[in-house]
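One-letter residues, chain by chain:
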Amino acid sequence: LLDKMLHKIINLTVRDVRFPTSLDQHGSDAMHTDPDYSAAYVVLDTDSGLTGFGLTFTLGKGTEIVVCAVEALARLVVGKCLQEIVSDFRGFYRLLTSDSQMRWLGPEKGVIHLATAAVLNAVWDLWARTEGKEPKQLVSCIDFRYITDVLTEEEALDLLVKAQEEDQMQKEGYPAYTTSCAWLGYPDEQLKQLCTDALKSGWTRFKVKVGADLEDDVRRCRIIRQMIGPDNTLMIDANQRWDVAEAISWVSKLAEFRPLWIEEPTSPDDILGHAAISKALAPLGIGVATGEQCQNRVMFKQFLQASALQFVQIDSCRLGSVNENLAVLLMAHKFNVPVCPHAGGVGLCELVQHLILFDYICVSADLRNRMCEYVDHLHEHFTCPVVIQDAHYMPPKDPGYSCEMLESTVQRHQYPEGNVWKNMKK
Ligand SMILES: C[C@H](O)[C@@H](O)CC(=O)C(=O)O
Ligand SMILES: [Mg+2]
């Protein structure tokens, strides 16, 4: 019955929801030393009673700006029927990203693109609650504008129908790595304890934050490499801290710990810089990973064309939702570069698990050098939190895009009026 309904969107609400994670240094890195994991949280109500939930991730301050941007987009959404949107999803994506006045705020980058992600994530959630999708329908969601020189609609369809590997995911899940042991602000004792716990729970892949102080990095990488042993996997993440030459020399000094990748060594916009770093570090067996702050599919296209990354880190809230991430997954496949999604934030694990499962089942059918990030924070605030078993993401069972928060959480954490914030000086 739900499939037959038009689901007219009659209301969009957006709220500023913040979690005081900085108090415990969760999520801290060399550039973001005190993040309060936060979200602009969108709810779409329809006349049928079906509700869609979406969010985009922020670090606390400034979430109110994203909320304003979502409010500015609301008039393009409210009054539309879900069927009308999804029957020309590419057109709807363009409507949001190419409004002739608002596109000046981007286009397809920055706050306005984060807002687009929040709204479109809610639309995908709504759609996912109603029905299954065919490859052709999915390809029709992608805006190929600016990327047809590397990927056409026909090619995309061809790539999509080839892979079909669902059973293995249902049984074993998708491999994950953890970042939660080694945020930059954690003292060594905490790092050791978390690492011990993680090893006991079956984790074999670990990411460490680096980039603030070389001596600290050497000490922390030594601790973690000793604890995890020679066969487990280590990655390092500098969150854009260095210039190009500095990145090369700093990472060379950490090469003895055999990191698989250095993540975000320099400005996320510096494609040629990443290419130079990739070239310099290749002989050391260290790849470059980036993407969590890569603005759009066009940047990803150029990163791939320039061989500037060896691991594509898509982000469910930075790009224009599933629509734009589909384009990136397909381009990465074409360039034979593995996708390892970013998930360090609130709700990102919940969202991105869908994208990486889709990538495996419908695009890549390949697990070599592939894993999805996991962070162990704030899952209890979601109605359908991720399920991790033996360091693998198990496929979600509930319909939707998994980012509905408990209403009690939203009320308590709403900024600045929720109880969590009312009495806190921030
Ligand atoms: C500020 C965030 O926690 C960031 O450090 C996350 C990140 O870089 C990652 O998970 O990777
Ligand atoms: Mg990172």
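In this text the structure is predicted, and so the values were computed from the model without any measurement. (Residues numbered from 1 in each chain as written. Chains lettered and ligands numbered in written order. Predicted model: local features only at pLDDT ≥ 70, side-chain atom pairs only at ≥ 80, totals over all residues.)

A. Region of the structure containing the confidence of the model for the protein chain. On average, residues of the protein chain score 96 in pLDDT, and 97% of them reach the 70 mark or higher. No element of the protein chain has a lower mean pLDDT than helix α5 (residues 135–139), which averages 84, and none a higher one than strand β7 (residues 261–263), which averages 99. In the predicted complex, the global pTM is 0.96; the interface-specific ipTM is 0.99. (pLDDT = per-residue confidence, 0-100. Helix = DSSP H or I, 4+ residues; strand = E, 2+ residues; numbered from the N terminus.)

B. Representation of the nonpolar core. One finds A40, V42, V70, A115, A118, V119 and C372 to be the most contacted residues of the largest nonpolar core, which totals 130 residues. Sort the elements by how many residues they give to this core and helix α4 (residues 110–128) lands first, with twelve residues. Residue-level mapping places this core at the junction of two domains, with at least three residues from each of domain 1 (2–148 + 409–422) and domain 2 (153–406). Leaving out residues up to four positions away in the same chain, A40 has contacts with V14, D16, L55, T56, T58, T63, V66, V67, V70, A115 and A118. (Core = buried A, V, L, I, M, F, W, Y, C linked by C-beta atoms within 7 Å. Buried ≥ 20, exposed ≤ 12 C-beta atoms within 10 Å, placed from the backbone. Domains from an automatic or database assignment. Contact = placed C-beta atoms within 7 Å.)

C. Geometry of the domain arrangement of the protein chain. Domain boundaries assigned for the protein chain yield domain 1 (2–148 + 409–422) and domain 2 (153–406). Across the boundary between the two partners, domain 1 contributes 48 residues, which contact 50 residues of domain 2. Elements with a contribution of two residues or more to the side of domain 1 that touches domain 2: β2 (38–46), β3 (51–58), α3 (89–97), α4, α5 and α15 (407–413). By residue number, the principal contributor to the side of domain 1 that touches domain 2 is α4, which donates nine residues. The residue makeup of the side of domain 1 that touches domain 2, split by class, is 26 nonpolar, 15 polar and seven charged. (Nonpolar A, V, L, I, M, F, W, Y, C, P; charged D, E, K, R; others polar.)

D. Structural detail: the site of ligand 1. Ligand 1 sits among G27, D29, H32, P35, L59, T179, D237, N239, E292, H342, G344 and E373. Class assignment for the residues of the shell around ligand 1 results in two nonpolar, six polar and four charged. Two domains each put at least three residues into the shell around ligand 1: domain 1 (2–148 + 409–422) and domain 2 (153–406). (Near = placed C-beta within 6 Å.)

E. Molecular detail of the sheet that holds strand β1 (residues 9–18). Ordered in space as β1-β2-β3, the three strands form an open sheet in which the pairing is antiparallel. Every interior strand has two partners, whereas the edge strands, β1 and β3, have only one. Strand-to-strand twist in this sheet, taken as the mean axis angle between neighbours without regard to direction, amounts to 15 degrees. Pairing of β2 with β3, which is carried by eight bridges, proceeds in the antiparallel orientation. Opposite V42, over in β3, you have G54 as the bridge partner. Running at roughly 175 degrees to β1, helix α1 (residues 63–74) makes contact with β1, β2 and β3 of the sheet. (Pairing = 2+ DSSP bridges. Axes fitted to C-alpha atoms, helices over the stretch in contact; angles between N-to-C directions.)

F. Inspection of the pairing of β1 at higher detail. Judged by how many residues are buried, β1 sits mostly within the fold: seven of ten residues are covered. When β1 meets β2, the two strands line up antiparallel, connected through nine bridges. Directly across from L12, in β2, lies its bridge partner L44.

G. Structural detail: the UniProt feature "domain: Mandelate racemase/muconate lactonizing enzyme C-terminal" (unreviewed entry) in the protein chain. Under the feature "domain: Mandelate racemase/muconate lactonizing enzyme C-terminal" (unreviewed entry), the UniProt entry names residues 188–284. The annotated region residues 188–284 carries 51% helix and 13% strand content, and the separation between its end C-alpha atoms amounts to 27 Å. (UniProt positions renumbered as here; feature names shortened; annotations may be inferred.)

H. Structural context of the packing of α4 against helix α13 (residues 321–334). Across the interface, α4 lies against α13 with an axial gap of 7 Å and an inter-helix angle of 95 degrees. Classified by the interaxial angle, the pair formed by α4 and α13 is roughly perpendicular. Between α4 and α13, the residues in contact are A117, L120, N121 and W124 and S321, V322 and N323, respectively. In terms of residue class, the contact of α4 with α13 is made up of four nonpolar, three polar and no charged. (Parallel < 35°, antiparallel > 145°, perpendicular 65-115°, else oblique.)

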